[in-house]
Amino acid sequence: MKPRSAVFFAFAFLFAASLANGQKFANDIHSYADPNAVRVTHVDLDWTVSFEQKTISGFATLSVDRTDKSAPLYLDTRDLKIFSAEASPDNRRYDLTRFELAPADKILGSKLTVQLPAGAKFVRIYYSSSPKASGLQWLSPEQTAGKQQPYMFSQAQAIHARSFIPLQDSPQVRVTYNARVRTPSDLLAVMSAEGNSRTNVRTGDYRFAMRHPIPPYLIAIGVGDIKFKSLGARTGVYTEPSMLAKSAWELADTEKMVRATERVYGPYRWGRYDLLVLPPSFPFGGMENPMLTFATPTILAGDRSLVSLVAHELAHSWSGNLVTNATWRDFWLNEGCTTYLERRIIEAVYGVKRREMEAMLGKRTLISELAEFGPADQILHVDLAGRDPDDGMTNVPYEKGALFLRFLEEKFGRARFDAFMKGYFNSHAFRSITTETFADYLDRNLLKRYPGKVSRGEADKWMNEPGLPSDAPDPQSDNFAKVAKEAKDYSNGALALNVIDKKAWTTQEWLQFLKSMPEGLSSAKMANLDEAFGLTKAGNSEISFQWLMMSIKTGYSPAEAKLEEFLTTIGRRKFVRPLFTELAKKDMNRACEIYRKARPGYHPITQSSIDPIVKCN
Ligand code: BES
Ligand code: ZN
């Protein structure tokens, strides 16, 4: 045997040591943590929720696993007040320990350094959140449906958990968590964990446990006048009492969706799947908080036509929550896989025609977005250096990612591709991985296993190069072709509206019809459409949004009041950001006038997206 050098053994030892610890962590530029030295494995929260102060205060006890015994613990925080830090070898006796809070970075917040005495295995931090915490929204009673009680909810993705918990806020540092939450006694608290009450009994003192290791961005809480209604054996909905019946009707297919997903990708691993339907200021469509998806009330269309959002958030129970992006560069692994799974669920529950319509709408928004982006932002494995990870939430990770997976499905056939995806989820369950790890797994288990179908070069091109490959999948819908032709014929005067057979149109066809209109439709044609179809008074949020975008662009004044009403009652960023962008281009004064009224009701995340667009003087 060849003699080995001391250096070799040192490396071999270090490698074995890091493997024994489970994992070598990737570099995450959006966290101050150094989990290769010290890793938080469990978070125990003891919280008091104060609506008077708009704070969560109390303490967080972090269990730490120390690879480097001399390293301090570096935590992420944003706008937190830190009162004291303690350390313990046994979670019984705690002694004060030194800590230092660094000046805040605009994107990352403040690094908190906590000294760890020899033998310390637990760290306890007494703290309070700020009333302007980026991850929390505090609603006055007037901002709720019931108008009687205040409401509070969190939104931690991407890096907002640090604004209400001092922790290692990187998606590769998975933790289990427990929480004790004290609230006003007539309100209910719910979390992304076990312990949510289904009996509607309120005590003001609630306990929760998440027993699976999850990335910190999935820790979530909601507190308010919230009630539960069952939807199926494992599924149910929480929302304000006045929204409960409507929500339960709209979400009635949830249990079917869970079963459809399990049939292809293996068992649902999280126990229950419930939803929390929030007040309209919720800044996103949905958020896949484990066991308890958070959802905007704007999906309550009255006809179940917008429930692909449920399919999407449910799909994250496999792609995202079970197998997680290790850093925000790898966000497409979460969202691209999930958008692909979402469409598969829609196909299983509502049929292939609905799937194709939604896929076409998705591809079209992707293509128009790609046309506006520079090459760097067209890449799935995007470089986010110096940027807020929330900026990475474009259609590229979602729709280009989904097209990549559909491309693989088309090339390898559904049976093989399904087996591959199921194997991918099972073999990486409860782990956070990078794009490189995915690419390796893909190479070994699909590309090389069935050679001659897709080369590694082609796959790399999808993941690492701008644009859309010319052989990208092309969703097709006869319904959509017909509707697009009708829109075109109407716009050029060849067709009257009363001959269009719109009786069987679903929301998707209405969207296709409106999106197929040319940019500069005349006010007379806008008025005609409105008269024939009642578009200004439409109750469907997606249709209203589309119509209001057209109204701004064409200067259609009868929709002005509706626009103001929409912008001052709904805070979903996907809707309000484009509307304000268009309005600001046309009439900055009007944009400013509306934004003054709307801004106080918006979530901090929505506010910081609109502030740079609307310039008031
Ligand atoms: N996880 C996302 C929401 C998110 C992403 C929040 C990045 C913060 C940062 C969620 O699953 C999502 O994608 N929601 C979409 C709806 C979906 C149907 C495309 C949304 O909110 O629009
Ligand atoms: Zn998603």
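These figures come from a predicted structure and were not determined experimentally.

Analysis parameters
- Residues numbered from 1 in each chain as written.
- Chains lettered and ligands numbered in written order.
- Predicted model: local features only at pLDDT ≥ 70, side-chain atom pairs only at ≥ 80, totals over all residues.
- Heavy atoms only, no water.
- Salt bridge = Lys/Arg side-chain N within 4 Å of Asp/Glu carboxyl O.
- Helix = DSSP H or I, 4+ residues; strand = E, 2+ residues; numbered from the N terminus.
- Buried < 20%, exposed > 50% of the residue type's maximum accessible area, 1.4 Å probe, protein only.
- Phe/Tyr/Trp six-rings, centres within 6.5 Å; stacked < 30°, edge-to-face > 60°.
- Lys NZ or Arg CZ within 6 Å of the ring centre and 35° of its normal.
- Donors = N, O, S within 2.8 Å, 3.2 Å for Na, K, Ca; no water.
- Tetrahedral: all angles 85-135°; square planar, octahedral: opposite > 155°, others 65-115°.
- 1 Å grid on protein atoms, 1.4 Å probe; cavity = no way out; pocket = protein on both sides within 12 Å on 5 of 7 lines; lining within 4 Å.
- Points joined across faces, edges and corners; volume = space filled by probe spheres on them.
- Nonpolar A, V, L, I, M, F, W, Y, C, P; charged D, E, K, R; others polar.
- Domains from an automatic or database assignment.
- Pairing = 2+ DSSP bridges.

Asks: Help me out: how do you make sense of the pattern of salt bridges in this one?
Replies: Two side chains bearing opposite charge may form a pair once their charged atoms approach each other closely. By the definition in use, this model includes 38 salt bridges. Among the salt bridges present, the one from aspartate 205 reaches arginine 180, with a minimum N-O distance of 2.6 Å. Of this pair, aspartate 205 sits in strand E13 (residues 205–214) while arginine 180 sits in strand E11 (residues 175–182), placing them 25 residues apart in sequence. By relative accessible area, which is 32% here, aspartate 205 ends up partly exposed. Between arginine 456 and aspartate 440 there is a salt bridge, and its shortest N-O distance comes to 4.0 Å.

Asks: Help me out: how do you make sense of the packing of aromatic side chains in this one?
Replies: Each aromatic ring pair is summarised here by two numbers: the centre-to-centre distance and the angle between the ring planes. Under the criterion given, the structure shown has 36 aromatic pairs. Residues tyrosine 424 and phenylalanine 425 carry aromatic rings whose centres are separated by 5.5 Å and whose planes lie at 45 degrees to one another, so their mutual orientation is tilted. Judged by relative accessible area, tyrosine 424 falls into the buried class, the value being 2%. Judged by relative accessible area, which is 0%, phenylalanine 425 ranks as buried. When the ring centre of tyrosine 74 is taken as reference, the NZ or CZ atom of lysine 111 above it lies at 4.1 Å.

Asks: Sorry, what's going on with the coordination of the zinc ion (ligand 2) here?
Replies: Here the zinc ion (ligand 2) is held by the protein donor atoms His312 (NE2), His316 (NE2), Glu335 (OE) and Glu335 (OE), which lie 1.9 to 2.8 Å from it. Classification of the site at the zinc ion (ligand 2) as irregular follows from its six donor atoms and the range of 52 to 160 degrees in their angles at the metal. Written as a sequence motif, the donor arrangement for the zinc ion (ligand 2) is H-x3-H-x18-E. Here histidine 316 is found in the loop between helix H4 (308–315) and strand E20 (323–325), whereas its partner glutamate 335 is found in helix H5 (residues 331–350), with 19 residues between them in sequence. Judged by its relative accessible area of 0%, histidine 316 is buried.

Asks: Teacher, can you tell me more about the layout of surface pockets here?
Replies: Vacant regions in the atomic arrangement are exposed by a probe of water-molecule size rolled over the atoms. Within this model, the second largest pocket holds a volume of roughly 500 Å³. In this structure, the second largest pocket is lined by 24 residues; those nearest its centre are Pro280, Pro297, Thr298, Gly539 and Ile570. Breaking the lining of the second largest pocket down by element, the ones donating at least two residues are helix H14 (541–554) and helix H15 (560–569). Among the elements that make up the lining of the second largest pocket, the one with the highest residue count is H15 (four residues). Class assignment for the residues of the lining of the second largest pocket results in twelve nonpolar, eight polar and four charged. The two domains that each donate at least three residues to the lining of the second largest pocket are domain 2 (229–317) and domain 4 (480–610).

Asks: Where do I start with the pairing of strand E8 (residues 122–128) in this structure?
Replies: Put simply, side chains in a regular strand alternate between the two faces of the sheet. Counting buried positions along E8 yields six of seven residues, so the element is predominantly enclosed. Two elements, strand E2 (residues 55–66) and E8, share seven bridges in a ladder whose sense is antiparallel. Bridged to alanine 60 within E8 is isoleucine 125.

Asks: Help me understand empty space enclosed by the protein, please; the structure alone is not making it clear to me.
Replies: A full pass over the atoms with the stated rule returns two cavities of 30 Å³ or more. Elements with a minimum of two residues in the lining of the largest cavity: H5, helix H6 (352–372) and helix H7 (395–412). When residues in the lining of the largest cavity are grouped by element, the largest group, four residues, is from H7. Looking at side-chain class alone, the lining of the largest cavity contains four nonpolar, no polar and five charged residues. Taken as a whole, the second largest cavity holds about 40 Å³ of empty space. Around the second largest cavity, the lining residues are Tyr268, Trp270, Tyr273, Glu288, Asn289, Pro290, Met291, Leu292, Thr293, Ser317 and Asn321. Per-class residue counts for the lining of the second largest cavity are six nonpolar, four polar and one charged.

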